[in-house]
Amino acid sequence: MAQLRKWIAAATLGTMAVLIAMAQQRARTSKPPEPDPQIAAAVKEVSPARVKATIEKLVSFYNRSTLSAADEAAIAKGRGIGAAREWIRSEFERYSKDCDGCLKVEMQGFTVSPPARRITHPTEIVNVVATLEGTDPANAGRIYIVSGHYDSRNSDNDNTTDPAPGANDDASGTAVSLECARVLSKHKFPATIIFMAVAGEEQGLYGSAHYAETAKAAKLDIEGMLNNDIVGGNRTPHDTMQQPQWVRVFSEGVPAAATPDEIKLIRATGMEDDSPSRQLARHVREVAEQYLTAFEPKLVSRPDRYLRGGDHLSFNEQGFAAVRFTEYREDYNHQHQTPRIEKGIEYGDLLKFVDFAYVASVARLNAAALASLASAPAPPANVRLVTKNLENDSTLTWSASPGGLATKYEVLWRPTSDSDWPPQNVEAVGNVTQATVKRSKDNVVFAVRAVDAKGLRSVAVVPLPER
Ligand SMILES: [Zn+2]
């Protein structure tokens, strides 16, 4: 009997130990953070009516070809790309007036002369750039960018006289950038946000390439770029396959800027699915779960649509993390087409095919992502996975998140064949720069992220091997 009592006591103690261990395990698992009130408020301010007014105005410039007239007379008449960019500048300046001059508005111009792809005469290409400087000097150097291209085209690259409304491609993306500027300029963020409208996209990404090259030369710390191109939600009558609750988010796997040695390392460690751009795309999805209802980013593990391109690739080329947002299903009769009716089919990138509520949802997603990224701590630096001994535990080391906003760090892991960080695979490791996890690096992919006192998280960083 005494023996039995002893055994029951031991068993109870054992059960308790297991329960305590389970509770500790649960405590170490991170719940999705509560939505930040400032970010939620900014997202709420996005207005479908404002998005509609912006797209209508851009379409009113008739033909926004990069090659179209930009002289005083054309601007006075409200025709062509020159008039469009003057109007975009005036919009940014108007938002800035409402926030005591919080936006620095600039025109970044440069001239491209033939011979150059699809440029038939010397052409000034101008990016319109509005900067909301970060309020924390230790974090203001960190930059997040949202961009759309305001140039348009019709069936013929050189045609500047027939209509090229470009309502979807890409007045919709330009409207996302402007609407983000309007709602986010009413708030303050520790890091810097840049709102852009670029030109020369249709001729070969000239505007974005110039911006990204200039930024690289100036050693700007661009931590993420969101490119919105064709986010109009295309409302072709009788198209039953459009998904108005989804937007695609494209991201590169192997970075365009990786050196041959880096590509060798990516191959050797199986990191083809873990570029900084891919982590940015995953972060966007996490933000969507926190701040949006009934609207969802669908991640596509590919730099862009099959063998096609966009302005985010200009940033990838320079080594910056950048992703592309595009509606779920495109209608090619409504892109790059001179408006006309042929054999009963209506061609043209017309206003009536744009779903303004959809564009507003994409703007909310961008605003939430930008606000979240610019509020959260910088990602930890120099993240490494120690490999000098063969062992089944895994030790990670890193340098503290620059800028001092982090109060703790989290180690994430996922099976190598999964393409997302499962929310339960998180271990909070405290305010440290080293952690040992009881999991084998052979079987999972690890990452480390920085977290602040409010639970705002940085983008996850996958380690390089430390030998
Ligand atoms: Zn486009």
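Since the structure is predicted, the reported quantities are computational estimates derived from the model, not experimental observations. (Residues numbered from 1 in each chain as written. Predicted model: local features only at pLDDT ≥ 70, side-chain atom pairs only at ≥ 80, totals over all residues. Heavy atoms only, no water.)

Novice: Looking at this structure, how should I read the coordination of the zinc ion?
Specialist: Ideal donor angles around a metal are set by the shape: a four-donor tetrahedron calls for 109.5 degrees, a six-donor octahedron for 90 or 180 degrees. Distances from the zinc ion to its protein donors, His149 (NE2), Asp169 (OD), Asp229 (OD) and Asp229 (OD), fall within 2.0 to 2.6 Å. Taken together, the four donor atoms coordinating the zinc ion span angles of 54 to 144° at the metal, a pattern that classifies the geometry as irregular. When the donor residues of the zinc ion are listed from N- to C-terminus, their spacing reads H-x19-D-x59-D. One end of the pair, His149, is in strand 3 (residues 142-149); the other, Asp229, is in the loop between strand 5 (221-228) and strand 6 (246-250), with 80 residues separating them in the sequence. Considered together, His149 and Asp229 belong to a single accessibility category, that of buried residues. (Donors = N, O, S within 2.8 Å, 3.2 Å for Na, K, Ca; no water. Tetrahedral: all angles 85-135°; square planar, octahedral: opposite > 155°, others 65-115°. Helix = DSSP H or I, 4+ residues; strand = E, 2+ residues; numbered from the N terminus. Buried < 20%, exposed > 50% of the residue type's maximum accessible area, 1.4 Å probe, protein only.)

Novice: It is not clear to me how the sheet that holds strand 12 (residues 394-399) should be interpreted in this structure. Could you clarify?
Specialist: Reading across the sheet, the four strands line up as 15-12-11-17 and stay open at both edges, with mixed pairing between neighbours. The sheet is open, and its two edges are formed by strand 15 (434-437) and strand 17 (464-466), each paired on a single side. Averaged over all pairs of adjacent strands, the angle between their axes in this sheet comes to 30°, without regard to strand direction. In terms of strand pairing, strand 11 (residues 381-386) meets strand 17 through three bridges, oriented parallel. Paired with Arg384 across the strands is Leu464, a residue of strand 17. (Pairing = 2+ DSSP bridges. Axes fitted to C-alpha atoms, helices over the stretch in contact; angles between N-to-C directions.)

Novice: Got a minute to help me understand the sheet that holds strand 5 in this structure?
Specialist: Working definition: the strands of a sheet are paired by backbone hydrogen bonds and lie parallel or antiparallel to each other. The mixed open sheet is built from eight strands, whose spatial order is 1-2-4-3-5-8-6-7. Every other strand in the sheet has two partners, leaving strand 1 (103-112) and strand 7 (296-300) as the edge strands with one partner each. Between one strand axis and the next, the sheet turns through 25° on average, direction left out of account. Across five bridges, the pairing between strand 6 and strand 7 is parallel. When the bridges of strand 7 are listed, Val247 appears paired with Pro297. In the packing of helix 5 (residues 81-97) onto the sheet, contacts are made with strand 1, strand 2 (123-132) and strand 4 (192-198), and the angle to strand 1 comes to roughly 160°. On top of the sheet, helix 6 (residues 167-184) reaches strand 2, strand 3, strand 4, strand 5 and strand 8 (322-327); it is set at about 145° to strand 3, its chief contact. (Contact = heavy atoms within 4.5 Å.)

Novice: Can you help me understand helix 2 (residues 37-44) in this one?
Specialist: Note that an α-helix has 3.6 residues per turn; residues three or four places apart therefore point the same way. Of all the positions in helix 2, only Ile39, Ala42 and Val43 are classed as buried. In a view along the axis of helix 2, the buried residues occupy a sector of 100°, so they form one face of it. Counted as exposed and oriented over 90 degrees from the buried face of helix 2: Pro37 and Lys44. Where the residues of helix 2 are buried, they touch helix 6, helix 10 (276-291) and helix 12 (356-375). N-cap assignment for helix 2: the residue whose side-chain oxygen lies 3.2 Å from the backbone N of Gln38 is Asp36. (Arc of directions from axis to C-beta. Polar contact = N/O pair within 3.5 Å; in protein donor to acceptor, adjacent residues only side chain to side chain.)

Novice: Before we go on, may I ask you to explain the packing of aromatic side chains in this structure?
Specialist: The geometry of two aromatic rings is summed up by the distance between their centres and the angle between their planes. Under the counting rule described, the total for this entry stands at seven aromatic pairs. For the pair Trp246 and Tyr328, a centre-to-centre distance of 5.0 Å together with 75° between the ring planes defines the contact as edge-to-face. Of the two residues, Trp246 sits in strand 6 while Tyr328 sits in the loop between strand 8 and strand 9 (340-342), which places them 82 residues apart along the sequence. Judged by relative accessible area, which is 32%, Tyr328 ranks as partly exposed. Put simply, the rings of Tyr211, Phe315 and Phe320 touch in pairs and so form one group of aromatic residues. If you follow Lys298 out to its NZ or CZ, it ends over the ring of Trp246, 4.4 Å from the centre. Over the face of the ring belonging to Tyr347 we find Arg340, whose NZ or CZ atom lies 4.3 Å from the ring centre. (Phe/Tyr/Trp six-rings, centres within 6.5 Å; stacked < 30°, edge-to-face > 60°. Lys NZ or Arg CZ within 6 Å of the ring centre and 35° of its normal.)

Novice: What's the story with the environment of Thr161 in this structure? I'm lost.
Specialist: Its location among the elements puts Thr161 in the loop between strand 3 and helix 6. Excluding residues within four positions of it along the chain, Thr161 makes contact with Tyr62 and Asn63.

Novice: How do you make sense of the nonpolar core when you look at a structure like this?
Specialist: Proteins that are soluble and globular tend to have nonpolar side chains buried together. Ranked by size, the top nonpolar core spans 78 residues in total, and within it Ile55, Ile88, Phe92, Tyr150, Leu184, Phe195 and Phe325 carry the most contacts. The element that contributes the greatest number of residues to this core is helix 12, accounting for 14 residues. Residues contacting Ile88, with those up to four places away along its chain left out, are Leu58, Val128, Tyr150, Thr174, Leu178 and Ala197. Counting 15 residues, the second-largest nonpolar core is a separate cluster that includes Val383, Leu385, Val429 and Ala435. (Core = buried A, V, L, I, M, F, W, Y, C linked by side-chain atoms within 4.5 Å.)

Novice: Quick question: what am I supposed to make of the pairing of strand 3 here?
Specialist: As a general feature of sheets, a regular strand has side chains that alternate between the two faces. Summarising burial for strand 3: eight of the eight residues are buried, a large majority. Here strand 3 shows two buried faces, one formed by Arg142, Tyr144, Val146 and Gly148 and the other by Ile143, Ile145, Ser147 and His149. Bridging between strand 3 and strand 4 involves seven bridges; their strand directions are parallel. Bridged to Val146 within strand 4 is Phe195. Following the chain from strand 3 across helix 6 to the adjacent parallel strand 4, one finds a crossover that is right-handed. (Right-handed = clockwise from strand over helix to strand, strands pointing away.)

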